[in-house]
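# Residue-level structural notes
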Amino acid sequence: MKRIAVLVSGGGTNLQALIDAQARGEIQNGTIAAVISSSPGAYALERAGKAGIPGYVVNRKDYDSNREMTLALLKQLRELDIDLIVLAGFMYVLTEELVHAYRNAIINVHPALIPSFCGEGFYGLHVHEKALAYGVKVSGATVHFVSEECDGGPVILQKAVEVREDDTPKLLQRRIMEEAEWQLLPRAVSLFCQDRLKVEGRIVRILPE
Ligand code: GAR
């Protein structure tokens, strides 16, 4: 069984999708061993508690930089003997120390079709504001491995979602979550835990069962 840590900053609906998938037996060969939040008030911690998953806080406010927070996270992850880190609405850019320690073992969900609407400053609702302002007719979600480059690591899964004429950032965010993120993230996590994701340079191959 691979031990999974889910890193969160806010509401945690993607965490909930993982918890629900685990309850349905859809995370094969993996178990959510910890939820780590960057803020003590995150609702995601309550979701973890209700599911009986230990919750931890590595409070960004306690550190002077993202690097110092990353080093504290790394220590916590090692103590917990974690195999896979999932960034599920984690709002800080982690520094290279974590990427080096967990090469191709950190998965992020991003609410757009990378390489569109990604990189520094593209997080949460901002992503959907920028997609609507640009006038794209489709957007979607991407699940990818985390590399040194913000939102630049190898793509694992993507799904397109239509943009409607009367969309607001919140409406589009919700549709992308329901139709894409909550499906892709548990699937990618299960594939990882079954050792079915083979990374060849930028390309991720999905191995058959
Ligand atoms: C999700 O839409 C996730 O894709 C996005 O933040 C939201 C978190 O919601 N992540 C990013 O923008 C990362 N760059 P949640 O806390 O309900 O899962």
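Scroll up to find the structure this text is about.
Notes on the structure follow. (Residues numbered from 1 in each chain as written. Predicted model: local features only at pLDDT ≥ 70, side-chain atom pairs only at ≥ 80, totals over all residues. Heavy atoms only, no water.)

Looking now at the sheet that holds strand β6 (residues 138-145). One open sheet accounts for seven strands, arranged β3-β2-β1-β4-β5-β6-β7; its pairing is mixed. Looking at which strands have only one partner, the edges of the open sheet turn out to be β3 (55-57) and β7 (155-162). Here the strands of the sheet are splayed against their neighbours by 20° on average, with no regard to which way each runs. As paired strands, strand β1 (residues 2-8) and strand β4 (residues 84-87) are joined by four bridges and run parallel to one another. When the sheet's bridge partners are listed, Leu-7 is paired in β4 with Leu-87. (Pairing = 2+ DSSP bridges. Helix = DSSP H or I, 4+ residues; strand = E, 2+ residues; numbered from the N terminus. Axes fitted to C-alpha atoms, helices over the stretch in contact; angles between N-to-C directions.)

Turning our attention to the site of the ligand. Around the ligand, the structure places 14 residues, and the nearest of them are Gly-12, Thr-13, Asn-14, Gly-124 and Glu-181. Of all elements in the fold, only α1 (13-23), β5 (106-110) and α6 (169-193) reach the threshold of two or more residues within the shell around the ligand. Residue composition of the shell around the ligand, grouped by class: six nonpolar, seven polar and one charged. (Near = heavy atom within 4 Å. Nonpolar A, V, L, I, M, F, W, Y, C, P; charged D, E, K, R; others polar.)

What follows covers the packing of aromatic side chains. For the coordinates displayed, the defined rule picks out three aromatic pairs. Here the aromatic rings of Phe-90 and Tyr-92 are separated by 6.1 Å at their centres, their planes lie at 70°, and the arrangement is edge-to-face. Residue Phe-90 is classed as buried on the basis of its relative accessible area, which comes to 9%. Looking at Tyr-92, the relative accessible area reads 32%, which means it is partly exposed. Summarising the aromatic geometry, the rings of Phe-117 and Tyr-134 are spaced 5.9 Å apart at their centres and angled 75° between planes, so their arrangement reads as edge-to-face. Highlighted residues: Phe-117 in the loop between β5 and α5 (125-134) and Tyr-134 in helix α5, separated in sequence by 17 residues. A residue is classified by how much of its surface remains accessible, and Phe-117, at 16% relative accessible area, is buried. (Phe/Tyr/Trp six-rings, centres within 6.5 Å; stacked < 30°, edge-to-face > 60°. Buried < 20%, exposed > 50% of the residue type's maximum accessible area, 1.4 Å probe, protein only.)

Judged by nonpolar contacts, the single largest core of 66 residues is most densely connected at Val-6 and Leu-7. In contact with Val-6, other than residues within four places in its own chain, are Leu-15, Leu-18, Ile-32, Ala-34, Val-35, Ile-36, Val-86 and Ala-88. (Core = buried A, V, L, I, M, F, W, Y, C linked by side-chain atoms within 4.5 Å. Contact = heavy atoms within 4.5 Å.)

With that settled, consider the pattern of salt bridges. Going through the model one piece at a time under the given rule, you end up with ten salt bridges. Residue Lys-2 is joined to Asp-195 by a salt bridge in which the shortest nitrogen-to-oxygen separation is 3.2 Å. Of this pair, Lys-2 sits in strand β1 while Asp-195 sits in the loop between α6 and β8 (197-200), placing them 193 residues apart in sequence. For Glu-79, the salt bridge identified is with Lys-75, shortest N-O distance 3.4 Å. Taken together, the residues span about one helical turn, with Glu-79 and Lys-75 both in helix α3 (residues 66-79) at a distance of four residues. (Salt bridge = Lys/Arg side-chain N within 4 Å of Asp/Glu carboxyl O.)

Moving on, we come to the packing of α1 against α6. Any two packed helices are characterised by the angle at which their axes cross and by the distance between the axes. Packing of α1 against α6 brings their axes to within 9 Å, and their N-to-C directions diverge by 55°. It follows from the interaxial angle that α1 and α6 lie oblique. The way α1 lies across α6 gives a crossing that is right-handed. Contacts between α1 and α6 involve Thr-13, Asn-14, Ala-17, Leu-18 and Ala-21 from the first element and Met-177, Glu-181, Trp-182, Leu-185, Pro-186 and Val-189 from the second. Partitioning the contact of α1 with α6 into residue classes produces eight nonpolar, two polar and one charged. (Parallel < 35°, antiparallel > 145°, perpendicular 65-115°, else oblique. Left-handed = near helix turned anticlockwise from the far one by under 90°.)

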